[in-house]
Amino acid sequence: MSVGLAFDYFSHEKVDVAIVEVGLGGRLDATNVITPLLSVITNIGLDHTQFLGNTLDKIAFEKGGIIKKNVPVVIGEFIDETKSVFEALAESNSSEITFAQDQDFENFPCALLGDYQVANKKTVLSALFCLKDVFSVSKEAIKKGFLNVVTNTGLLGRWQILNNEPKVVCDTAHNSHGLNIVLNQIQKEQFETLYFVLGVVNDKDLDEVLPLFPKYAKYYFCKPNVLRGLDAELLQKKASTFGLIGDVCNSVTDAYLRALKVAKKKDFVYIGGSNFVVAEII
């Protein structure tokens, strides 16, 4: 119902361009009733496996369900396992396919600071190139768009710096693909002690994500205040099997305040594990 209401609103407002984000998966998502000018699939990770399948090729097939007959598609990132799935779907739909990671674009500065934005910017630029015959966007407009993306969209929680001494960063990365990039970016930071305020939802594959986290850090485990939130004690217990040691906290806010209380100026505090955790802080 909400998707139908959104489309009706766009129609009444007579928008020039509607960028419609697919919900869970793609093939069976409610947004899939439209025929777009272009389909975009950013990347594939092991997430929501109980609904989308437990292998990357199965998930790619579900995500690839948004590819339409004679409608071009941009794939942001791929591996061999997913590329063949996308190529087969594109061929069966007579859809021109572009793999953004193979393209060579200028790396424009961006207000979003996460390392993963390099791939995201390539995906955006590939999409604009595919749509050049529909509408043209100047290089200057693209540069301004990247620099003002937070102001223009209100997008929050993507390697967002909340404090400098100690440095506090929150990020909504929540699957192994995104977390791996974010955790590698943390390793580039200069700090004395690393603290994590960590919470997840109860459908998260902890065996997939917890091994990515560093054992030398101090953890504050919390439960996001949503029905799907995983109990902090269960998260602590599971994390300990991977050598991740920390305290159970009463809430996300409690975990954050406890981390801030002990962190010194040269330390680093990371808040994440779930969109819902970040949402409670920002």
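So, how was this worked out
Residues numbered from 1 in each chain as written. Predicted model: local features only at pLDDT ≥ 70, side-chain atom pairs only at ≥ 80, totals over all residues. Heavy atoms only, no water. Pairing = 2+ DSSP bridges. Helix = DSSP H or I, 4+ residues; strand = E, 2+ residues; numbered from the N terminus. Axes fitted to C-alpha atoms, helices over the stretch in contact; angles between N-to-C directions. Buried < 20%, exposed > 50% of the residue type's maximum accessible area, 1.4 Å probe, protein only. Polar contact = N/O pair within 3.5 Å; in protein donor to acceptor, adjacent residues only side chain to side chain. Contact = heavy atoms within 4.5 Å. Phe/Tyr/Trp six-rings, centres within 6.5 Å; stacked < 30°, edge-to-face > 60°. Parallel < 35°, antiparallel > 145°, perpendicular 65-115°, else oblique. Left-handed = near helix turned anticlockwise from the far one by under 90°. Nonpolar A, V, L, I, M, F, W, Y, C, P; charged D, E, K, R; others polar.

1. Some remarks on the sheet that holds strand β2 (residues 73–75)
Next, step 1: Pairing is parallel in the open sheet, where three strands are placed in the order β1-β2-β3. The outermost strands of the open sheet, each flanked by one partner alone, are β1 (39–41) and β3 (97–99). The sheet shows a mean angle of 15° between the axes of neighbouring strands, direction not considered.
Next, step 2: Bridge analysis of β1 against β2 gives three bridges, and the strand direction is parallel. Opposite V40, over in β2, you have V74 as the bridge partner.

2. Let's talk about the pairing of strand β9 (residues 268–272)
It is a general feature of regular strands that their side chains alternate between the two faces of the sheet.
Next, step 1: The buried fraction of β9 is high, at five of five residues.
Next, step 2: Burial along β9 is two-sided: the residues F268, Y270 and G272 and V269 and I271 are all buried.
Next, step 3: Inspection of the sheet shows strand β5 (residues 167–170) paired to β9 by four bridges, in the parallel sense. By the bridge assignment for β9, K167 is matched with F268.

3. A short note on the side chain of E189
Next, step 1: Structurally, E189 is set in the loop between α8 (176–187) and β6 (194–198).
Next, step 2: Of the polar contacts made by the side chain of E189, one reaches the side chain of K167; its length is 3.1 Å.
Next, step 3: With residues near it in sequence (within four places) discarded, E189 still touches W159, K167 and F268.

4. A look at the packing of aromatic side chains
The geometry of an aromatic ring pair is captured by two quantities: the separation of the ring centres and the angle between the planes.
Next, step 1: Considering all chains together, one arrives at 12 aromatic pairs under this definition.
Next, step 2: Measuring from centroid to centroid gives 6.5 Å for F7 and F10, while their planes differ by 45°, and the two rings are tilted. Placement of the pair is F7 and F10 together in helix α1 (residues 2–13), with a separation of three residues, close to one helical turn.
Next, step 3: On the basis of relative accessibility, which here comes to 29%, the residue F10 falls in the partly exposed class.

5. What about the packing of helix α3 (residues 56–63) against helix α4 (residues 80–92)?
Next, step 1: Following both chains from N to C, one finds α3 and α4 inclined at 30°, their axes separated by 8 Å at the closest point. In terms of their interaxial angle, α3 and α4 are classed as roughly parallel. Between α3 and α4 the crossing geometry is right-handed. Across the interface between the two elements, L56, D57, A60 and F61 from α3 touch E81, T82, V85, F86 and L89 from α4.
Next, step 2: Here the residues of the contact of α3 with α4 are counted per class, giving six nonpolar, one polar and two charged.

6. Here we look at the environment of L112
Next, step 1: Tracing the sequence through the fold places L112 in the loop between β3 and α5 (117–130).
Next, step 2: Aside from chain neighbours lying at most four places away, what touches L112 is Q117, V149, V150, L155 and R158.

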